[in-house]
Structure formats: C-alpha cells, structure tokens
Amino acid sequence: MFINALFSDPVYFLAVVIAVGFSVCLHEFFHAYTALKCGDSTAADMGYLTLNPLKQMGVISLIMLLLLGLCWGAVPVDPNRLTRSKRVLVSLAGPLTNLFLSFTGVIAGSIFLRLRLEPGVFFFIIFAGLNMVLFCINIAPVPGFDGGNILMELIGRNKIKSSELGKGFMIGAFLLLFYLIDYIFEWSFRITETLIAVLGGVV
C-alpha cells in the first residue's frame, strides 16, 4: 500500500501527496472557473472556486490518496446552461491544466538541475511526471473521465448509449486504459526526466 512509503521513504510520500493533491484541486478549480466563464455558475455558487482539498476532493478521496495513492475530484456542472462547444471546453479545462502543470514542472526541474539542487529536481520530476499521467488518464475517451465526456459531446450521448458499437467502444477503451496504465506511468516519467535533463544541460 502507498501508505507504507510514509515509513520507508517519507520524502517520496510527501512529494506525491503534495503534487497529486495540488494538481487535482487545480484541475477541478479550472473546470469550475471555465464553466463560470462559459455561463454556468453552478460550481461557483456551490463554493468550488477554491483550492481547498476538502471541498475539491472530499474526505474519502483524501483518505484514499494517503492510503493507496489514488484520488479523485468532481465539480457540479449544469449542461443545460452550456452549449455543446462550451461543454467540451469545460471538460478540456481540467486535462489542459495538468498538461500545463507538467510543462511547468519540467521547466522548474531543469532550473533546479542547473542549480544542482537535487531535492528540487526530485520533487519536480514527481510533480511533472504525475501531471503528465493525470493528463493522459483524464483525456482518455473512457466513461467517467473528461475524455469520455468530450467524446460523448462530439458524437452525441444518445448515439453512444443507444448503439451497441458505441457501448462496445467505451468498454474497450476502459479495458485498454487499464491495460496501458503501467506504460502511461513509465513513459510519462521517462519523457519528464529526459526533458528535464535536456533543458537542464545534462544531455
């Protein structure tokens, strides 16, 4: 269990908790912020324009983060207040936030590498790598993730739900994501470390 890292490698444990907690909260914040700017104030009215993890993630999600290293967040959106294109934009806001955070982490990590400040390099490798993972997972066309919502908006929810082919695709996408999860982690961190090394002048 992830919680064991608290005792075997507390620095790694804290780095992951801080990186994931902050990133998930910012991911959800920008869903809420984008929805507000697009005309739906539901999340804003319910207090989701905050980085408070108790609001954005909830107690159960925070406990799961500490125990298993897994967590989630969700903000309420009223699709009836948004056009289809704006619903797509709201869904995109979260994954794009993670992509931006990943690139920001790479830049910060490369700066710390040039300064030979290893603790900073260590943290930003984790920060950037995990945000790349979050981007890849959330953009996947799988039900329950932002990518699944985007796909349904582009193709049509009714078409997917009423079509056997559509249902089969969604199930297949979920199984494929489950199969690829280890590779997503491996390549996200490999790319992150390579970019930091190149920008940091090591390669």
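Refer to the structure printed above.
(A) Fine view of the overall build of the chain. On a plain count of helices and strands, the chain comes out with 10 helices and zero strands. Along the chain, from the amino end to the carboxyl end, the secondary structure elements read α-α-α-α-α-α-α-α-α-α. Scaling as 2.2 N^0.38, a compact globule of 203 residues should have a C-alpha radius of gyration of about 17 Å, and the chain matches this with 18 Å. Along the three orthogonal principal directions, the C-alpha set of the chain runs to about 55 × 40 × 35 Å. Counting every position in the chain, which comprises 203 residues, the buried fraction comes to 43%. Of the accessible surface of the chain, which amounts to about 11,200 Å², a share of 71% is contributed by carbon and sulfur atoms. Computing the positive centroid from 13 side-chain charges and the negative centroid from 12, the chain places the two 9 Å apart.

(B) Inspection of the packing of aromatic side chains at higher detail. Under the counting rule described, the total for this entry stands at 11 aromatic pairs. Measuring from centroid to centroid gives 4.9 Å for Phe2 and Phe13, while their planes differ by 25 degrees, and the two rings are stacked. Taken together, the residues span a long stretch of sequence, with Phe2 in the segment before helix 1 (5–8) and Phe13 in helix 2 (residues 10–38) at a distance of 11 residues. One exposure class covers both Phe2 and Phe13, and it is buried. For the pair Phe30 and Tyr33, a centre-to-centre distance of 6.1 Å together with 80 degrees between the ring planes defines the contact as edge-to-face. Separated by three residues within a single helix, Phe30 and Tyr33 lie in helix 2, roughly one turn from each other. Here Phe30 falls in the partly exposed class, since its relative accessible area comes to 29%. Residue classification places Tyr33 among the partly exposed residues on the basis of a relative accessible area of 33%.

(C) Spotlight on the nonpolar core. Core analysis: the largest hydrophobic core is formed by 34 residues, its most contacted members being Phe13, Val16, Val20, Ile126, Leu130 and Leu177. Taken together, the elements giving at least two residues each to this core come down to helix 2, helix 6 (84–114), helix 7 (118–139) and helix 10 (164–199).

(D) Structural view of the side chain of His27. Residue placement: His27 occurs in helix 2. At 3.0 Å, the side chain of His27 forms a polar contact with the side chain of His31. Contact partners of His27, with chain neighbours within four places excluded, come to Gly94, Pro95, Thr97, Asn98, Asn138 and Asp146.

(E) Structural context of helix 8 (residues 146–155). Taking burial as the measure, the 10 residues of helix 8 include seven buried ones, the bulk of the element. Restricting attention to buried positions, one finds in helix 8 the residues Asp146, Gly147, Gly148, Ile150, Leu151, Met152 and Glu153. Gly156 lies just past helix 8 and shows a positive phi near 120 degrees.

(F) Seen up close, the pattern of salt bridges. By the definition in use, this model includes four salt bridges. Across the pair Arg81 and Asp40 runs a salt bridge, and its minimum N-O distance is 3.5 Å. Separated by 41 residues along the polypeptide, Arg81 in the loop between helix 5 (59–68) and helix 6 and Asp40 in the loop between helix 2 and helix 3 (42–45) bring together distant segments of the chain. Accessibility expressed as a relative area gives 1% for Asp40, which makes it buried.

(G) Inspection of the packing of helix 2 against helix 7 at higher detail. Relative to each other, helix 2 and helix 7 sit at 45 degrees, their axes nearing to 9 Å. By the criterion of interaxial angle, the relationship of helix 2 to helix 7 is oblique. Crossing hand, helix 2 versus helix 7: right-handed. Contacts between helix 2 and helix 7 involve Val11, Tyr12, Ala15, Val16, Ile18, Ala19, Val20, Phe22, Ser23, Val24 and His27 from the first element and Phe122, Phe123, Ile126, Phe127, Leu130, Asn131, Leu134 and Asn138 from the second. The residue inventory of the contact of helix 2 with helix 7, partitioned by class, reads 15 nonpolar, four polar and no charged.

Rules used throughout
Here the residue index of a chain counts from 1 through its sequence in written order. Selection of residues for local features in this predicted model requires a pLDDT of at least 70, selection of side-chain atom pairs for listing and counting requires 80 or more, and totals for whole chains, interfaces and linings are taken over all residues. Remark: hydrogens and water are excluded; side-chain values derive from all non-hydrogen atoms of the structure. Secondary structure follows DSSP: runs of H or I at least 4 residues long count as helices, runs of E at least 2 residues long count as strands, and numbering of each begins at the N terminus. Within these notes, the globule rule equals 2.2 Å times the number of residues to the 0.38 power, and the radius of gyration is based on C-alpha atoms. Burial classes follow relative accessibility: with a 1.4 Å probe on protein chains only, a residue under 20% of its type's maximum area counts as buried, one over 50% as exposed, and anything between as partly exposed. Exposure was quantified through the Shrake-Rupley algorithm and a 1.4 Å probe, taking into account, for residues, occlusion by the shown protein chains and nothing else. In summary, the charge assignment counts Lys and Arg as positive and Asp and Glu as negative, without counting His or the chain termini. The atom standing in for a charge is NZ when the residue is Lys, CZ when it is Arg, CG when it is Asp and CD when it is Glu. In this scheme Phe, Tyr and Trp rings, the latter by its six-membered ring, pair at centre separations within 6.5 Å, and the angle between planes marks the pair as stacked below 30 degrees, edge-to-face above 60, and tilted otherwise. Grouping buried Ala, Val, Leu, Ile, Met, Phe, Trp, Tyr and Cys residues that are joined through side-chain atoms within 4.5 Å yields what is termed a nonpolar core. Under this definition, polar contacts are N or O atom pairs within 3.5 Å; protein pairs additionally need one hydrogen-donor-capable and one acceptor-capable atom, and for neighbouring residues in sequence, both atoms have to be side-chain atoms. In this analysis, two residues are considered to be in contact whenever any of their non-hydrogen atoms come within 4.5 Å of each other. Each salt bridge in this description consists of a side-chain nitrogen of Lys or Arg and a carboxyl oxygen of Asp or Glu lying within 4 Å of one another. Each axis is a line fitted through C-alpha atoms, taken for helices only over the stretch in contact, and angles between the N-to-C directions span 0 to 180 degrees. In what follows, roughly perpendicular refers to angles from 65 to 115 degrees, roughly parallel to angles under 35, roughly antiparallel to angles over 145, and oblique to any angle outside these ranges. Note on convention: the crossing is left-handed when the near helix lies turned anticlockwise from the far helix by less than a right angle, right-handed when the turn is clockwise. Think of it as three bins: nonpolar holds Ala, Val, Leu, Ile, Met, Phe, Trp, Tyr, Cys and Pro, charged holds Asp, Glu, Lys and Arg, and polar takes everything else, Gly as well.

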